[in-house]
Amino acid sequence: MKTKLIAPSLLSADFGNLQRDIEMLNNSQADWLHVDVMDGRFVPNISFGFPVMKTIQQHAKKFVDVHLMIVEPEKYVEEFINMGADLVSVHYEACTHLHRTINFIQDKGAKAGVVLNPSTPVLMLEDIIAEVDLVLLMSVNPGFGGQKFIENTYKKIAETKDLILSNNSTALIQIDGGVNLDNAAKLFEAGADVLVAGNAVFSSENPEKTIELLKI
């Protein structure tokens, strides 16, 4: 059976009403809560850190998926896990010792993901694919919400699927960036398992209905 998981990105939530938005997601058909952490160094934007993560931990009742868009992520992964992260994804481009960081995340009791920027080839994951729980393919250049989807992502999904199968990996494929009602079904059909949706959910008139439609 194919996986069809929706992970709304809290980066697009209303930070003045974060508890309200998290409770809405708790009551919706959302599967995961996606948390985008940016440091202003690895990406040209700053999002939020541990104080906001603490609020998420207090109210979230679903699987918490933390995407670290930061340099030296290995310094911070343990604290994010202690604050309720069920899965922590780190960028291939930001990790000097990727294998060690992936193993460390798993040793601390969380699932571990590796993220590729749009210009990073899938073949770079050949030596780590059997170790990771998830591959996150960025379908926009990371750093800002609301960007236009990069069409080459479909090719990368196929390449990632081939790599997973040829290495007997159980990794899920997640897509982040420009996901909406127009491309969600096509992305699932191409082989994606988890779709991150920010603006598509939180900018809609009925976020819960939009989450439901993204899964169809």
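Just so it is clear, the structure is predicted and the values come from calculations on it, not from any experiment.

Student: Describe the UniProt feature "active site" (unreviewed entry) in the protein chain, and please don't skip the residues or the numbers.
Tutor: The positions that UniProt labels "active site" (unreviewed entry) are, in the present scheme, Asp36 and Asp176. Taking the farthest pair of C-alpha atoms as the criterion, the annotated set spanning 141 residues converges on one region, since that pair is 10.3 Å apart. Along the chain, aspartate 36 turns up in strand S2 (residues 32-38). Apart from the residues lying within four places of it in its own chain, the contact partners of aspartate 36 are Ser9, Leu11, Ser47, Phe48, His67, Met69 and Asp176. On the accessibility criterion, aspartate 176 (8% relative accessible area) is buried. Not counting residues within four places of it along the chain, the set of residues in contact with aspartate 176 comprises His34, Asp36, His67, Leu136, Leu137, Met138, Ser139, Val140 and Val196. Among the polar contacts listed, one links the side chain of aspartate 176 to the side chain of histidine 34, at a separation of 3.3 Å.

Student: Outline the packing of helix H1 (residues 18-26) against helix H2 (residues 50-59), supporting the account with residue identities and numerical values.
Tutor: Running from amino to carboxyl end, H1 crosses H2 at an angle of 40 degrees, the nearest separation of the two axes being 10 Å. It follows from the interaxial angle that H1 and H2 lie oblique. Crossing handedness for the pair H1 and H2: right-handed. The residues of H2 that touch H1, namely those facing Leu18, Gln19, Ile22, Glu23 and Asn26, are Val52, Thr55, Ile56 and His59. Taken together, the residues that form the contact of H1 with H2 break down as four nonpolar, four polar and one charged.

Student: Provide a residue-level description of the pairing of strand S4 (residues 87-91), including the pertinent values.
Tutor: Where burial is concerned, most of S4 is hidden: five out of the five residues are buried. Residues of S4 alternate between two faces, with Leu87, Ser89 and His91 on one and Val88 and Val90 on the opposite face, all of them buried. The handedness of the strand S3 (residues 63-69) to S4 crossover, carried by helix H3 (residues 77-82), is right-handed. Bridge analysis of S4 against strand S5 (residues 111-116) gives five bridges, and the strand direction is parallel.

Cut-off values and rules
Along each chain, residues carry numbers from 1 onward, in the same order as the chain's sequence is written. Totals for whole chains, interfaces and linings use every residue, but because this is a predicted model, local features are given only for residues with pLDDT of at least 70 and side-chain atom pairs only at 80 or more, for both listing and counting. Excluded from the side-chain calculations are hydrogens and water; all other atoms, namely the structure's heavy atoms, are used. UniProt positions are given in the numbering used here, feature names are shortened, and annotations may be inferred rather than shown by experiment. Note on conventions: DSSP H or I runs of at least 4 residues are helices, E runs of at least 2 residues are strands, and numbering of each starts at the N terminus. Any two residues whose heavy atoms approach within 4.5 Å at even a single point are treated as in contact. Each residue's exposure class comes from its accessible area (1.4 Å probe, protein chains only) as a fraction of the maximum for that residue type: buried when under 20%, exposed when over 50%, partly exposed otherwise. Pairing of N or O atoms within 3.5 Å defines a polar contact, subject to two protein rules: one partner must be a possible hydrogen donor and the other a possible acceptor, and residues neighboring in sequence count only if both atoms are side-chain atoms. Angles run from 0 to 180 degrees between N-to-C directions of axes, and those axes are lines fitted to C-alpha atoms, restricted for helices to the stretch in contact. Oblique is the label for any angle not under 35 degrees, not over 145, and not in the 65 to 115 range, which are roughly parallel, roughly antiparallel and roughly perpendicular in turn. Less than a right angle of anticlockwise turn of the near helix away from the far helix marks a crossing as left-handed, whereas a clockwise turn marks it as right-handed. Ten residues, namely Ala, Val, Leu, Ile, Met, Phe, Trp, Tyr, Cys and Pro, are considered nonpolar, four, namely Asp, Glu, Lys and Arg, are considered charged, and the remaining ones, Gly among them, are considered polar. Consider the strands pointing away from the viewer: the crossover is right-handed when the path from the first strand over the helix to the second runs clockwise. Each pair of strands is called paired provided DSSP finds at least two bridges between the two strands.

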